[in-house]
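# Examining the three-dimensional arrangement
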Amino acid sequence: MSSKVKETTGAGGAGGTGRATGGERPVPAPAGPSAGPPTAPPAPGALAAKVRTLAPSMTRSMQRVAEAVAGDPAGSAALTVTGLAERTGTSEATVVGTARLLGYPGYRDLRLALAALAAEQAPGRAPAVTADIAVDDPLPAVVAKLAQEEAQCLADTAAALDTAQLEAAVAALAGARRIDVYGIGASHLVSQDLVQKLLRIGLIAHAPADPHLAVTNAVQLRAGDVAVAITHSGRTTDVIEPLRVAFEHGATTLAITGRPEGEIAQYADHVLTTASARESELRPAAMSSRTSQLLVVDCLFIGVAQRTYETAAPALSASYEALAHRHAPRSPR
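Residues numbered from 1 in each chain as written. Predicted model: local features only at pLDDT ≥ 70, side-chain atom pairs only at ≥ 80, totals over all residues. Heavy atoms only, no water.

Per the secondary structure count, the chain includes 13 helices and five strands. Considering the chain as a whole, with its 333 residues, one finds that 48% of them fall into the buried category. Surface summary for the chain: the accessible area is close to 16,200 Å², and the carbon and sulfur share equals 57%. (Helix = DSSP H or I, 4+ residues; strand = E, 2+ residues; numbered from the N terminus. Buried < 20%, exposed > 50% of the residue type's maximum accessible area, 1.4 Å probe, protein only. Areas by Shrake-Rupley, 256 points an atom, 1.4 Å probe, with all protein chains shown as cover.)

Following the criterion strictly, the structure yields one aromatic pair and no others. A ring pair is formed by Phe-247 and Tyr-267, whose centres lie 6.3 Å apart and whose planes are at 75°; its orientation type is edge-to-face. Of this pair, Phe-247 sits in helix H11 (residues 237-248) while Tyr-267 sits in the loop between strand E4 (252-257) and strand E5 (270-273), placing them 20 residues apart in sequence. The exposure class of Phe-247 is buried, given its relative accessible area of 0%. Residue classification places Tyr-267 among the buried positions, given a relative accessible area of 9%. (Phe/Tyr/Trp six-rings, centres within 6.5 Å; stacked < 30°, edge-to-face > 60°.)

To continue, consider the nonpolar core. Ranked by internal contacts, the top residues of the largest apolar core, which has 28 residues, are Leu-173, Ile-179, Val-226, Val-228, Ile-256, Leu-272 and Leu-300. Non-local contacts of Leu-300, meaning those with residues more than four positions away in its chain, are made with Leu-166, Ala-169, Val-170, Leu-173, Ile-256 and Leu-272. Listed in part, the 24 residues of the second largest apolar core include Leu-47, Met-62, Leu-102 and Tyr-107. (Core = buried A, V, L, I, M, F, W, Y, C linked by side-chain atoms within 4.5 Å. Contact = heavy atoms within 4.5 Å.)

Once that is clear, we can look at the environment of Ala-174. By the secondary structure assignment, Ala-174 is in helix H8 (residues 163-174). Not counting residues within four places of it along the chain, the set of residues in contact with Ala-174 comprises Val-304, Arg-307 and Thr-308.

Right, let's talk about the pairing of strand E3 (residues 226-230) for a bit. Counting buried residues along E3, five of its five residues qualify, which places the element largely inside the surrounding structure. Burial along E3 is two-sided: Val-226, Val-228 and Ile-230 and Ala-227 and Ala-229, pointing in opposite directions, are all buried. In terms of strand pairing, strand E1 (residues 179-183) meets E3 through five bridges, oriented parallel. Residue pairing in the sheet places Tyr-182 in a bridge with Ala-229 of E3. (Pairing = 2+ DSSP bridges.)

The quantities given are spatial measurements derived from coordinates; they are silent on function.
Dropping the structure here:
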């Protein structure tokens, strides 16, 4: 079996598949901050969301730079690369590296985005800060905090979502002969949600719960099929393995992940990045990542349903009618 994986740089553009000519896939650059299909720099308004999404995977020095630019865009935009390095106690190389990790070609491009973001923000408006849920919080406070965190998580995901990648993913799903979706734990629940949606509009989709079955299913995929991997960390072995196998057998591969620089991106033709709220003892990553993953799944489903409306609408109607009697009140005997 070939061990070749996709090329992460070079021609192809945003949403490119990274496939080589002649039916083979080229050897990639090593996984890292640049892994995954190339994308356009984030819009100024999406910068804070990008920082929240990528900060957990950054080095501590890069985190200081990212937090500084997100917390004070106007002040940071006024600084040279040397000035920002001095303010954050880092190096010029760290500042430039952070800018590139956030999606900008260099620090100059980041400064322009910061200046635009500062102009967009209301004068004197401080960034919202939410408190962690405490063990002794009353339920009304828990509801309020969770609602605020969930809303922020959804907003961050929407702001950071690459619509070119989304369009390419929708096109691949809409024309797929067969679709496999891989996820473990909370991500498996999301994979089941996507599969049941696709089944209702007449597509052939599977979400194997067993990791070994996922790999044996992936072996059967070919060009014209689609494999979707859902993993917040981007390094879940039981999700990476079937996606790799599907990739090597010619299927179009999608990754829904909160870590676009993770290993999963090496085997993904298209990467859809999710955000997550801050973790705490009572709010693990699985909770916040699930929220953003479900948003991406809904976007994929609606996009596919739009593209296949002539067949999707009758299929939805037929499934509704087939189940209608199960929702009707029973007549008393």
